[in-house]
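# Secondary and tertiary structure notes
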Amino acid sequence: MKYRHAYHAGNFADVHKHVTLLALLSALKRKDKGFLYLDTHAGRGVYDVSTPAAESAAGVGRFEHGEHSAPELRHYGQVLQALRAVHGNAHCYAGSPLLAARELRPQDRAVCIELLGAEAHALAQALAASAVDAGGEGARVRIERGDGFELLRAQLPPAERRGLTFIDPPYEERNDFERVTAAVAEGLRRFPTGVFAAWYPIKDARDASAWHAAYAAAVAAETLVSELWLYPRDSRVALNGSGLLITNPPYLVGERMQTWLPELESCLATSAGAGCVVRML
């Protein structure tokens, strides 16, 4: 069975990755020149999280009951509310393509890659409902069907010579970690100044550390590590934490993250085993 993100939409990992995504896009928008946003595993764009047992209750649900001082956290909350208003559904959660599409300026564009036909069709509908120009070659947001790892190569380097590649695979297969490393290394070979953000699950800290070492050996560029965990990191039973490797991080993103990530941890944590870290790889 192919992975569908609907089962996990709005969980604490989504909150972590999407606050980070919006912060990266804001950093790129500090310059007037346009950029490409490339989403390699786009999903369907919008999800219904009204089910009582949904993982979103401990993620975006807890987030929205908190008070936030960091601008990055407030911006994330405002974008979610704005998209819910557009879709007329107080229980919908926007995925990375919709969050990014809302942030694009006229000079920016996006390519969203999705493997599953039904999910790609749902994404097109979600973008249309959000009044986003999505379609063929001339569209500001273009949807492509296929394997995101494979199609990444054809998109880089972008004509804009600026860009963010967001890599968020399902990690159903063990070799997804190796494929992420290879994709970033190849992406950098084609586009050395591009920003690459790769999300990963933390089930056992030892596994994450081993992958970090392999990534650092293969990727010869400055990389920022951002990790948030809500449960002890020495068990492989469930998702204990959320991690992001950000290669070629924009100016001041890491410094700002050291402010907002602990605030996010405090908002989402339910036990003394929670924690977070921001460091260079």
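Scroll up to find the structure this text is about.
What counts and what doesn't
Residues numbered from 1 in each chain as written. Predicted model: local features only at pLDDT ≥ 70, side-chain atom pairs only at ≥ 80, totals over all residues. Heavy atoms only, no water. Helix = DSSP H or I, 4+ residues; strand = E, 2+ residues; numbered from the N terminus. Buried < 20%, exposed > 50% of the residue type's maximum accessible area, 1.4 Å probe, protein only. Areas by Shrake-Rupley, 256 points an atom, 1.4 Å probe, with all protein chains shown as cover. Core = buried A, V, L, I, M, F, W, Y, C linked by side-chain atoms within 4.5 Å. Axes fitted to C-alpha atoms, helices over the stretch in contact; angles between N-to-C directions. Parallel < 35°, antiparallel > 145°, perpendicular 65-115°, else oblique. Contact = heavy atoms within 4.5 Å. Nonpolar A, V, L, I, M, F, W, Y, C, P; charged D, E, K, R; others polar. Phe/Tyr/Trp six-rings, centres within 6.5 Å; stacked < 30°, edge-to-face > 60°. Lys NZ or Arg CZ within 6 Å of the ring centre and 35° of its normal. Disulfide = S-S within 2.5 Å. Salt bridge = Lys/Arg side-chain N within 4 Å of Asp/Glu carboxyl O. Expected span 1.5 Å × (residues − 1).

## A look at the overall build of the protein chain
- Within the protein chain one finds 9 helices and 11 strands.
- The C-alpha extent of the protein chain, read off along each of the three principal axes, is 50 × 45 × 40 Å.
- Split into buried and exposed, the 281 residues of the protein chain put 56% on the buried side.
- Summed over its atoms, the accessible surface of the protein chain is roughly 12100 Å², and 52% of this surface lies on carbon and sulfur atoms.

## Brief notes about the nonpolar core
- Grouped together as the largest cluster of nonpolar side chains are 83 residues, with contacts concentrated most on Tyr-37, Tyr-76, Leu-164, Tyr-200, Leu-264 and Leu-268.
- Counting residues per element, this core draws most heavily on helix H1 (residues 12-28), which supplies 10 residues.

## A few points about the packing of helix H6 (residues 148-155) against helix H7 (residues 176-190)
- It is at 10 Å that the axes of H6 and H7 come closest, and there the two elements cross at 5 degrees. Judged by the angle between their axes, H6 and H7 are roughly parallel. Along its contact with H6, which presents Phe-149, Glu-150, Leu-152 and Arg-153, the element H7 presents Asp-176, Arg-179, Val-180, Ala-183, Glu-186, Gly-187 and Arg-190.
- Residue composition of the contact of H6 with H7, by class: 4 nonpolar, 1 polar and 6 charged.

## Focus on the packing of aromatic side chains
- Counting across every chain of the model gives 7 aromatic pairs.
- Here Tyr-171 and Trp-199 contribute two aromatic rings whose centre-to-centre distance is 6.0 Å and whose plane-to-plane angle is 65 degrees, an arrangement assigned as edge-to-face. Of the two residues, Tyr-171 is situated in the loop between strand E7 (163-167) and H7 and Trp-199 in strand E8 (residues 195-202); the sequence distance between them amounts to 28 residues. For the pair formed by Tyr-171 and Trp-199, the shared burial category is buried.
- Summarising the aromatic geometry, the rings of Phe-177 and Trp-211 are spaced 5.2 Å apart at their centres and angled 70 degrees between planes, so their arrangement reads as edge-to-face. Note that Phe-177 is positioned in helix H7 and Trp-211 in helix H8 (residues 205-218), a separation of 34 residues in sequence.
- Residue Phe-177 is classed as buried on the basis of its relative accessible area, which comes to 15%.
- Three or more aromatic residues joined by ring pairs form one cluster here, namely Tyr-171, Phe-177, Trp-199, Tyr-200, Trp-211 and Tyr-215.
- Taking the ring centre of Trp-199 as reference, the NZ or CZ of Lys-17 above it sits at 4.1 Å.

## Some remarks on the state of the cysteines
- In the structure shown here, the tally under the stated rule is 0 disulfides.
- You can see Cys-112 has no disulfide; the closest cysteine sulfur is in Cys-92, sitting 17 Å from it.
- Free of any disulfide, Cys-276 has its nearest neighbouring cysteine sulfur in Cys-267, separated by 13 Å.

## Details of the pattern of salt bridges
- Inspection of the entire model under this criterion finds 16 salt bridges.
- The closest approach of N and O atoms between Asp-168 and Lys-17, which form a salt bridge, is 2.9 Å. You can see Asp-168 sitting in the loop between E7 and H7 and its partner Lys-17 sitting in helix H1, a full 151 residues away along the chain. Considered together, Asp-168 and Lys-17 belong to a single accessibility category, that of buried residues.
- Two residues, Arg-105 and Asp-108, come together in a salt bridge whose shortest N-O distance is 2.8 Å.
- With relative accessibility at 14%, the residue Arg-105 sits in the buried group.
- Put simply, Asp-147, Glu-150, Arg-153 and Arg-179 are held in one network by salt bridges that share partners.

## A look at the environment of Val-277
- Following the sequence through the fold, Val-277 ends up in strand E11 (residues 275-280).
- Taking the relative accessible area as the measure of exposure, Val-277 reaches 25% and is therefore partly exposed.
- Between the C-alpha atoms of Val-277 and Val-225, which are 52 residues apart in sequence, the distance is 7.6 Å.
- Once residues lying within four places of it in the same chain are set aside, the contact partners of Val-277 are Val-225, Ser-226, Glu-227, Trp-229 and Leu-261.

## As for H1
- For H1, which comprises 17 residues, the first-to-last C-alpha distance of 25 Å matches the rise-based estimate of 24 Å (1.5 Å per residue) to within 8%.
- Burial analysis of H1 places 16 of its 17 residues in the buried class, which makes it a mostly covered element.

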